Amino acid sequence: MTLLGAMALMALWLAAALPQAGSPAPPAPPAATARLSPAALRAVPWPELAGLEPAVQEALQQGSAGFTAAVAAGAVEAGGGAQVAEAYGELGRLFHAHGFSAAAETCYDNAGRLAREDFRWPHLRGLVLLDEQRSEAAAAAFAEAFARRPYYPALLRQARVEQELGHLEAAQVLLAVATAHSPNDPALLAVLGDQAGLTGRNAEAIELLERALQAAPGATRLHYPLALAYRAVGNGAAADAHLALAGRVGIVPLDPLENEVRSRRVGATVWDLEGQRALQAGDAPAAVKAFRKALEARPGDPELRARLSAAERTDAAAFETAKP
Amino acid sequence: MFAADLTRFRAAGVARIALLLALGGGPQLLAPAAAAQPATAAAIRFEDATGESGLDFVYRAGGAAELQLPAIMGGGAALFDLEGDGDLDLFFVQGGRLGPAGPEAGADAARLYRNDPVTGADGRRRARFVDITRESAAGVALYGMGVATGDVDGDGFVDLFVAGFGASRLLRNVAGTHFEEISARAGMAAAGEAGMAISAAFFDADRDGDLDLFVARYVDYPLDPALACFAPSSRRDYCGPQAFRPQRDLLYINRGDGTFTEEGAVRLGKHRPQPGLGVVAADLDGDGWVDLFVANDGQPNHLWRNLGGARSGPPAFAEVGLASGVAVNRSGLPEASMGIAIGDADGDLLEDLLVTHLTGETNTFYRNSGGLFDDRSLASGLGPPSRPWTSFGTAWVDPDRDGDLDLVTVAGAVRLAEVGGQPQDPLGLGQPAQLFRNDGRGRFAEISALAGPVWARRATSHGLAAGDVDNDGDLDLVVVDTAERARLLLDESPVPAPAAWLGLRLTDASGRRDQLGATALLRRRGAPPLLRRAHSDGSYASASDPRLLFGLGGGVDLEAVEVSWPDGRREHFPPPPPGAYATLREGQGQEPAAPLTVSP
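These figures come from a predicted structure and were not determined experimentally.

Notes on the sheet that holds strand β33 (residues 434-438) of chain B
Residue and element names in this part refer to chain B. Across the sheet, four strands lie side by side as β30-β31-β33-β34; this open sheet has antiparallel pairing. Taken across any chain shown, the strands that pair with only one partner, and hence form the sheet edges, are β30 (391-397) and β34 (444-446). Ignoring which end each strand starts from, the neighbouring axes of this sheet average 20 degrees apart. Pairing between β33 and β34: three bridges, direction antiparallel. Along β34, the bridge assignment pairs R437 with A445.

Here's what the structure looks like:
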């Protein structure tokens, strides 16, 4: 069998095993836990609470108390590993949601050691490692998650990381699997288009990026690589047209596990930051959502209200402009 | 059968490894980090010579305790020849305090060190720096950020422009003995031109033979009340530029007598100001007129194309960054651009750009193909290894003297939240410097771990000036670390042969004034030509040695030097003897019989 044939076969059977993209977070697998001594687990670097928003402090304190109780109830040596893994995972999500990446990474790592078939913990650990710019480790974590369960977002994340690391052939294999599963996923099309442009396959890049933009017309970031590809094939007019439309809004890949982390956010600050980032990127609808969340946490805050109003005005103006 | 395969696949533990194995032994790396490891890389070595050099400068930036943005933006250094004796002297910009009414000078002032080299027992001349701040009157008091060097009045002595927060200063070098502050007299003290200036570049905008000045300004930063910014944890952190209104950059046109008029609003035309941090001046499109590349923080970079050659009357600039491919990265995203290194990194005789960026972004390598640029960060190998660090100062160097350009970057975090590892420096923002070796084809491998312990040291490093402080034919480095002693890193790599290099100084007819912007093409028999340009700008907030260095490897037959002067004139010179510096004066070469080309 040729290498390409083997890759194609692998793509087919992996695609068959993948759950559908966009479905809710897959349930945790049945408990299959390791009997680990607590000494085999890493100590969690507990963050300093001073200076944090009171709501965040309170959430972390509650999280800590819940974790302690869960650990007490499920002694690892007595076979309560699944319960303890879940407690580590929950604490990890709480840290992750507020940017305490070192603590979150340790929690997810411990959870993954305790529940060796649970794909959620290595996947979430991969996301934290990406935040920490530890790309190689993140790719390995996504691969581990995928090996435990063929979770499509892990596959796509790993492909993106491999591509960013310059491991283009590895990325290509992963993307082939992803394509067999979700050929029209705009996030996938964007990655494929970027890769095609990067390797000089400009006609292919144009086709893929045009398809991605059709599926996600608000993803203004894609106009730039599309313009480069058009320029490379000598179509200056199309290149100029896309340059004029280029913006910063990308495609957020579907990842229910990441959404679960976001749902642990408390306080206004973290939503305020997300709103400001979205507004800066020109994504007014996302900014409106984030500022509304921030205002829920800190009702009546005049600065938040002003930012929400600004985002709403931008969003409305964009809506008017987009009307046929 | 498929089920069995799936089970086996999962049992392998890590799907990534399985996939790589399926490819037959591992991935082919586009960035050849391992494959390009050169045999001689281990010999490259930089050593910290600060202790014996006499340098004892510490950049102190007020506002760090309150997490004020200006505290993480400075400062820079300038390597320049103060008195024209052939040795590089050293000027350090000093930070200041943030008072309720605005930025002000701190307890310490800027410092000037004269280089009085000593000859050791081994016969080698080593740089020794003597603090002459007091007698030279160079201790300008302001909240300083960066510095630019150039001879603004054509008297043969290098003057200094000190960029600062709240004020900037022009210091005239009086016969190499002392400085006088002439900002007001020179037309550089208008209230509206203060702001927060970080970097500047002297260049000849209109080919009239005198030096004009471009000043990159950052943001309109209010102190009262200071704006509070936060990390995702909700803890206070340093602000980014997005929180503030960007300031318009300044373009000072020299009237010909060392005084200036600020004409940015007119000559740069109507445009949206962006938070500028770095600037280089070079003829990037090969039309004979000097263009400007400005690194903007978190916003699209500017490429100001000089239209001087296409219009009658005074020159004007057109902003062509997006169309030229340097405004954003390959993905279409603007990055936190800070430092700039410009040079021909791939040997095609066109100058490429390396722009340093924030943690989570890569440094971006823009390959020049005649005025159009292509983001080759991944293919060059310069991108991925830089992602964890916030790099500021940067310079092309050639420690192995093989003729191709290697790269240095220095780094320091700008958010408490983004610091990797456990920094021990006073600000808690320390990050390591990086050294990349070029394989001769524009592909780079990081060799920091092989090149001495200086690369493992973590500090909050911003400014980086490169120059041959011991005149041994390689570029040494001066690194400005916030709240710690500035460092002198000497290139102590072994020399392949005594004549493995050639140094050139390109001057006006008097032989005293560097012709910033002049380029030299060194033609070699049996080897590709090498292109270098005289410039002191680039890096971050700093000014470097304007002399040109050519690494010649294990001995090459030199054919000729072809110089393009800033006024458009071109001349041939016979090759000077290698292993030493030589001065080429404008007007003393031969006019070429046929127009010179830059093609090999």
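Topic: the state of the cysteines
All names here are of chain B. One pass over the full model with this rule turns up one disulfide over all chains. For C229, the disulfide goes to C239, at an S-S distance of 2.0 Å. On the sign convention where negative is left-handed, the bridge of C229 and C239, at about 95 degrees about the S-S bond, is right-handed. With a gap of 10 residues between them, C229 in strand β17 (residues 229-230) and C239 in the loop between β18 (236-237) and β19 (245-246) connect regions that are remote in the sequence. For the pair C229 and C239, one class covers both residues: buried.

Observations concerning the packing of aromatic side chains
A full pass over the atoms with the stated rule returns 20 aromatic pairs over all chains. For the pair A:W46 and A:F95, a centre-to-centre distance of 5.1 Å together with 75 degrees between the ring planes defines the contact as edge-to-face. With a gap of 49 residues between them, A:W46 in the loop between α1 (3-17) and α2 (54-73) and A:F95 in helix α3 (residues 81-97) connect regions that are remote in the sequence. Sitting above the plane of the B:Y581 ring, B:R547 keeps its charged end 4.1 Å from the centroid.

Section: the pairing of strand β27 (residues 352-355) of chain B
Residue and element names in this part refer to chain B. In β27, alternate side chains face the same way, and those of D352 and L354 on one face and L353 and V355 on the other are all buried. The sheet contact formed by strand β26 (residues 340-343) and β27 spans four bridges and is antiparallel. Paired with A341 across the strands is L354, a residue of β27. Alignment of β27 against strand β28 (residues 364-368), held across three bridges, turns out to be antiparallel. In the sheet register, V355 faces β28, and the bridge partner there is T364.

Quick word on the nonpolar core
If you look at the biggest cluster of nonpolar residues, it comprises 72 residues, and the most contacted ones within it are A:L60, A:Y88, A:F95 and A:L222. It is α3(A) that provides the largest number of residues to this core, a total of eight residues. The residues contacting A:L222, other than those within four sequence positions of it, are A:A190, A:L209, A:A212, A:L213 and A:I251. With 49 residues, the next largest nonpolar core counts B:L67, B:L90, B:Y238 and B:C239 among its residues.

Here we look at the confidence of the model for chain A
All names here are of chain A. Looking at chain A, pLDDT values average 88 and 85% of them are 70 or higher. Ranking the helices and strands of chain A by mean pLDDT puts helix α10 (residues 202-215) first, with 98, and α1 last, with 46. Here residues 1-6 scores under 50 on pLDDT; set against residues more than four positions off or in separate chains, the count is four contacts.

So, how was this worked out
- Residues numbered from 1 in each chain as written.
- Chains lettered and ligands numbered in written order.
- Predicted model: local features only at pLDDT ≥ 70, side-chain atom pairs only at ≥ 80, totals over all residues.
- Heavy atoms only, no water.
- Pairing = 2+ DSSP bridges.
- Helix = DSSP H or I, 4+ residues; strand = E, 2+ residues; numbered from the N terminus.
- Axes fitted to C-alpha atoms, helices over the stretch in contact; angles between N-to-C directions.
- Disulfide = S-S within 2.5 Å.
- Buried < 20%, exposed > 50% of the residue type's maximum accessible area, 1.4 Å probe, protein only.
- Phe/Tyr/Trp six-rings, centres within 6.5 Å; stacked < 30°, edge-to-face > 60°.
- Lys NZ or Arg CZ within 6 Å of the ring centre and 35° of its normal.
- Core = buried A, V, L, I, M, F, W, Y, C linked by side-chain atoms within 4.5 Å.
- Contact = heavy atoms within 4.5 Å.
- pLDDT = per-residue confidence, 0-100.

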